Amino acid sequence: MVEIELDGKKVEVPPGSMVMHAAEKAGVYIPHFCYHKKLSIAANCRMCLVDVEKAPKPMPACATPVTMGMVVRTKSDKAIKAQKAVMEFLLINHPLDCPICDQGGECQLQDLAVGYGGTQSRYEEEKRVVFHKNVGPLISMEEMSRCIHCTRCVRFGQEIAGVMELGMSHRGEHSEIETFVGATVDSELSGNMIDLCPVGALTSKPFRYAARTWELARRKSISPHDATGANLVVQVKGDRVLRVVPLENEEVNECWIADRDRFSYEALNSPDRLTQPMVKQGGQWHTVDWKTALEFVANGLRGVREQHGAAAIGLLASPHATVEELALARALMEGLGSPNIDHRLRAHAFDNVAPAGKARWLGLPIAQLSTLERALVVGSNLRKDHPLFAQRIRQAVRHGAQVSALVEAQPDWAMPLHAVLTAPATDWAAALARVAVAVAQASGVAAPAGTEGVQADDAAQRIAASLMGGQRKAVLLGNAAAHHERAATLLALAQWIAQHTGAAWGYLTEAANTVGAQLVGAVPGAGGLDAAHMLDGGTLKAALLLGVELGADTASAGQALAQADLVVTLSPFKTNLDVSDVLLPVAPFTETSGSFVNAEGRLQSFAAVVKPLGETRPAWKVLRVLGNMLQLPGFEQTSSQEVLAAALPGVADGAFVPAERLDNTTTAALNLAPARRAPCVASIYQLDALVRRAPALQATADARAARAAAATGVCA
């Protein structure tokens, strides 16, 4: 450790640290703009000038390495005078438009100008004006005259997002932050540039002029989209969500969130919202009260059970539903005597299930993705399926990690890949077997049973050689691998490769609560129908759809359900109108309390941040009341916390579920025959009902490309 004196205090920091790091450790604030703890050091704003003893002039704290015995003064006359001089230069060309600036009230420049700015400007020349730029539907660059050239946004693109979409052109006072020849900013993490901008140059286009920061109430929540479980701060005005920003959690999402976490709130006030129960009679939809709707459902379920038996009733649940909702859905089906419940809506095979009461999971803590030395990713569009996981793996690559991939086509993950094994999705089992054979050859052991005759090609040997080196390693199966017809074989091969290379193995997992859904048993019981048979088998006479949109969330359009006697949709939106008989408006994540279990097995709870819209009710309450009306046991809960305590006893908010309940092991025999069809995977902005209804997200390049590539609305 290196000891320095900072404002009269002794501070010890590791060698190579900067004065800014020592100040952070000592709790001393040094004004700055360009410095950010997650970005490289640029030292171009000069606001952090400090007085270093024996130095001939003030030194930038962010770029001055500590030395043993160094004496630093951050509040001496020399330091303050230098900081005030820098502030005067920064304000020379800055427009006086704080009253109309969206950054007003949360602006670093505004705050520091109070402490370090003058009462009036000595600059009497014309201020420069920078022409506005259109960079897409998410980020507003309408007022680039405010830019102070800190380059945080540029460095974020290069270092975190992996794509240099913004750069600085020209020199001196003519410098501008802009895209290349008028291109748009299309990164799936681009919204973080808004948070990083210390002034009002980059602002949120959907939030533009919607409210002042001091008018907003701030409430914690958890992202309902992918399996990261990103921590959020939801900002509310008058029971309306107006903005979503990250809540820092170093172990989960650090200080970043993906664009779908940030901008999907637009769907919460979509004209497509369902705000009152509706019943279809005579082919026409009629608005009814809750009592009438629930009695209709309860009577319908009783009638189907009496006439056709409990096995004719099924429930399809979204893996984005909360632990509490899924637990009560399971209890409802058990109370009715039906084993037909499933959350694996996009799967093409259902033989790859964890032992009862256990769940497939990531296989390692999320934070360890940043420190991997070797990784093999199988069947994933990593960058778009899991933006925050990809960001962590990208940081590992920046520190020398080797990442390999088994995919259908050369991927664009915004990171250099060590080796890529490409094969048609239907042949992934045979392709992964080649890697297993290469590992067997490299380690001098027998190849796994079932791979006889398989020959390792050059790409497989490169992947095997990579996995044989390093210390911290992982074999990660993506969404396409999880939904694959040969999912059981892919997991068995991944397990064998991991065990013979000393790696962890597991699933990146698709949805916010994929792990939680398995833990509470939202899978078919003994003799029960899986999602595919419920959608296409034509044997169901009553179906409940919890947060499920047929065709969009499922691998099938579910036309067989149109022949059922009763189809009930529980959703925040008007959906499944063609096949449903009842629509029950249930609350999205901002209007209910609940919990998600993320990919690493961490349970995170959240509370409602706004009142339910119209007659909307939390889904767990609707299921509880329905259970009461059917006179089923186990529906006496009065709060979501009671439901959670019964579903996952002993697991506290922020804690991990017991390790013995997370299990990626398998004894499945290998089947290397080609699959009959390719796996069904949702694109980045088609993952769930919220992102599908967020106008800004649907105007992005990713959404446009997905629409252009999709021949129909059905994933098959």
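Remember, predicted model here, so these are calculated numbers, not experimental data. (Residues numbered from 1 in each chain as written. Predicted model: local features only at pLDDT ≥ 70, side-chain atom pairs only at ≥ 80, totals over all residues. Heavy atoms only, no water.)

A.B. asks: What is the right way to read the overall build of the chain from this model?
C.D. replies: In terms of regular secondary structure, the chain is built from 21 helices and 27 strands. Against the compact-globule benchmark of 27 Å for 716 residues, the chain has a radius of gyration of 28 Å, which places it among compact chains. Counting only C-alpha atoms and orienting by the principal axes, one finds that the chain spans roughly 90 × 70 × 50 Å. Carbon and sulfur atoms make up 53% of the accessible area of the chain, which amounts to about 27700 Å² in all. (Helix = DSSP H or I, 4+ residues; strand = E, 2+ residues; numbered from the N terminus. Rg over C-alpha atoms; globule rule 2.2 N^0.38 Å. Areas by Shrake-Rupley, 256 points an atom, 1.4 Å probe, with all protein chains shown as cover.)

A.B. asks: Help me understand the side chain of Thr228, please; the structure alone is not making it clear to me.
C.D. replies: With respect to the helices, strands and loops of the structure, Thr228 is situated in the loop between β11 (217-222) and β12 (231-237). Here Asp226 takes part through its side chain, which lies 3.0 Å from a polar atom of the side chain of Thr228. (Polar contact = N/O pair within 3.5 Å; in protein donor to acceptor, adjacent residues only side chain to side chain.)

A.B. asks: Which parts of the structure should I look at to understand the sheet that holds β11?
C.D. replies: The strands making up a sheet associate through backbone hydrogen bonding, with each pair oriented either parallel or antiparallel. Across the sheet, which stays open at both edges, the 3 strands sit in the order β11-β12-β13 with antiparallel pairing between neighbours. The open sheet terminates on both sides in strands that have one partner only, identified here as β11 and β13 (240-246). Within this sheet the neighbouring strands show an average axis-to-axis angle of 35 degrees, counted without direction. Of the pairings in the sheet, the one linking β11 to β12 comprises 6 bridges and is antiparallel in character. Within β12, the position partnered with Ala217 by the bridge is Val236. (Pairing = 2+ DSSP bridges. Axes fitted to C-alpha atoms, helices over the stretch in contact; angles between N-to-C directions.)

A.B. asks: Help me understand the domain arrangement of the chain in this model?
C.D. replies: By convention, interface size is frequently given as the accessible area that disappears when the constituent parts associate. The domain architecture assigned to the chain consists of domain 1 (2-92), domain 2 (278-356 + 514-658) and domain 3 (366-508 + 663-681). Here the C-alpha centroids of domain 2 and domain 3 sit 33 Å apart. Counting residues at the interface gives 13 residues for domain 2 and 15 residues for domain 3. Taken over both partners, the interface formed by domain 2 and domain 3 buries close to 1100 Å², and the fraction arising from carbon and sulfur atoms is 55%. Sorting the residues of domain 2 by area buried against domain 3 places Arg346, His348 and Asn352 first, and these three jointly supply 53% of that buried surface. There are 0 salt bridges connecting domain 2 and domain 3. One can count 5 residue pairs in polar contact (both at pLDDT 80 or more) joining domain 2 with domain 3. Class assignment for the residues of the side of domain 2 that touches domain 3 results in 6 nonpolar, 4 polar and 3 charged. (Domains from an automatic or database assignment. Contact = heavy atoms within 4.5 Å. Buried area = accessible area lost by both parts, 1.4 Å probe. Salt bridge = Lys/Arg side-chain N within 4 Å of Asp/Glu carboxyl O. Nonpolar A, V, L, I, M, F, W, Y, C, P; charged D, E, K, R; others polar.)

A.B. asks: Can you help me understand the packing of helix α8 (residues 323-336) against helix α18 (residues 640-647) in this one?
C.D. replies: Two measures define how a pair of helices packs: the angle their axes make with one another and the distance between the axes. Here α8 crosses α18 at 70 degrees, and the two axes come no closer than 9 Å. In terms of orientation, α8 lies roughly perpendicular with respect to α18. Handedness of the α8/α18 crossing: left-handed. On α18, the residues that touch Val323, Glu324, Ala327 and Leu328 of α8 are Ser640, Val643, Leu644 and Ala647. Considering only residue class, the contact of α8 with α18 consists of 6 nonpolar, 1 polar and 1 charged. (Parallel < 35°, antiparallel > 145°, perpendicular 65-115°, else oblique. Left-handed = near helix turned anticlockwise from the far one by under 90°.)

A.B. asks: Can you help me understand α18 in this one?
C.D. replies: Structurally, the α-helix is built with 3.6 residues per turn, so residues lying three or four positions apart point the same way. Looking only at α18, the buried set comprises Ser640, Val643, Leu644 and Ala647. Down the axis of α18, the buried set is contained in an arc of 100 degrees. They therefore lie on one face. Pointing more than 90 degrees away from the buried face of α18 are the exposed residues Gln641 and Ala646. On its buried face, α18 is in contact with α8, β26 (594-597), β27 (603-606) and α17 (619-629). (Buried < 20%, exposed > 50% of the residue type's maximum accessible area, 1.4 Å probe, protein only. Arc of directions from axis to C-beta.)

A.B. asks: Explanation requested: the packing of aromatic side chains in the structure shown.
C.D. replies: In this description, a pair of aromatic rings is defined by centroid distance and the angle of the planes. Taken as a whole and judged by the stated rule, the model has 2 aromatic pairs. Ring centres 5.1 Å apart and planes at 35 degrees place the aromatic pair Phe596 and Phe606 in the tilted group. Of this pair, Phe596 sits in strand β26 while Phe606 sits in strand β27; the two residues are 10 residues apart in sequence, bridging distant segments of the chain. With a relative accessible area of 3%, Phe596 lands in the buried category. Under the relative-accessibility criterion, Phe606 is labelled buried at 7%. Its end group placed over the ring of Phe207, Arg243 keeps NZ or CZ at 4.4 Å from the ring centre. We note Arg693 situated over the ring of Phe573; from NZ or CZ to the ring centre the distance is 4.3 Å. (Phe/Tyr/Trp six-rings, centres within 6.5 Å; stacked < 30°, edge-to-face > 60°. Lys NZ or Arg CZ within 6 Å of the ring centre and 35° of its normal.)

A.B. asks: I'm lost on the UniProt feature "domain: 4Fe-4S His(Cys)3-ligated-type" (unreviewed entry) in the chain in this one. Help?
C.D. replies: According to UniProt, the "domain: 4Fe-4S His(Cys)3-ligated-type" (unreviewed entry) feature falls on residues 78-117. Between the end C-alpha atoms of residues 78-117 the distance is 16 Å, and the span holds 60% helix and 0% strand. (UniProt positions renumbered as here; feature names shortened; annotations may be inferred.)

A.B. asks: Honestly, the UniProt feature "domain: 4Fe-4S Mo/W bis-MGD-type" (unreviewed entry) in the chain in this entry has me stumped. Any pointers?
C.D. replies: Within the UniProt annotation, "domain: 4Fe-4S Mo/W bis-MGD-type" (unreviewed entry) is assigned to residues 216-272. Regarding residues 216-272, the helix share stands at 9% and the strand share at 35%, and the terminal C-alpha atoms are separated by 25 Å.

A.B. asks: Is there a simple way to explain the sheet that holds strand β6 (residues 133-134) in this structure?
C.D. replies: Taken in spatial order, the 3 strands line up as β6-β7-β10 in an open sheet, and their pairing is antiparallel. Strand pairing shows two members of the sheet lacking a second neighbour, β6 and β10 (203-204), which therefore form its edges.

A.B. asks: Before we go on, may I ask you to explain the pairing of strand β2 (residues 9-13) in this structure?
C.D. replies: On any regular strand, side chains alternate: one points to one face of the sheet, the next to the other face. As paired strands, strand β1 (residues 2-6) and β2 are joined by 5 bridges and run antiparallel to one another. Across the sheet, Ile4 pairs through a bridge with Val11, a residue of β2.

A.B. asks: Any chance you could explain the packing of helix α11 (residues 428-443) against helix α12 (residues 458-468) here in plain terms?
C.D. replies: The N-to-C vectors of α11 and α12 enclose an angle of 55 degrees; their axes lie 8 Å apart at closest approach. Here α11 is positioned oblique relative to α12, judged by the angle of their axes. The handedness of the crossing between α11 and α12 is right-handed. Across the interface between the two elements, Arg434, Val435, Ala438, Val439, Gln441, Ala442 and Ser443 of α11 pack against Ala460, Gln461, Ile463, Ala464 and Met468 of α12. Split by residue class, the contact of α11 with α12 holds 8 nonpolar, 3 polar and 1 charged.

A.B. asks: Got a minute to help me understand unusual backbone geometry in this structure?
C.D. replies: The backbone of Arg46 sits at a positive phi, close to 65 degrees, despite the residue not being glycine. Mapped onto the fold, Arg46 is located in the loop between α1 (19-26) and β3 (49-52).

A.B. asks: Would you mind showing me how to read the pattern of salt bridges here?
C.D. replies: Pairing between side chains of opposite charge can happen when the charged atoms of each approach one another. Counted according to the given criterion, the structure contains 35 salt bridges. Among the salt bridges present, the one from Glu215 reaches Lys237, with a minimum N-O distance of 3.3 Å. Residue Glu215 is found in the loop between β10 and β11, and its partner Lys237 is found in strand β12; the two are separated by 22 residues along the sequence. Across the pair Glu600 and Arg602 runs a salt bridge whose closest N-O atoms are separated by 2.8 Å. The pair Glu600 / Arg602 is uniform in exposure class, with both members buried. Linked through salt bridges whose partners overlap, the residues forming this network are Asp272, Arg346, Glu510, Glu549, Asp553, Arg692 and Arg693.

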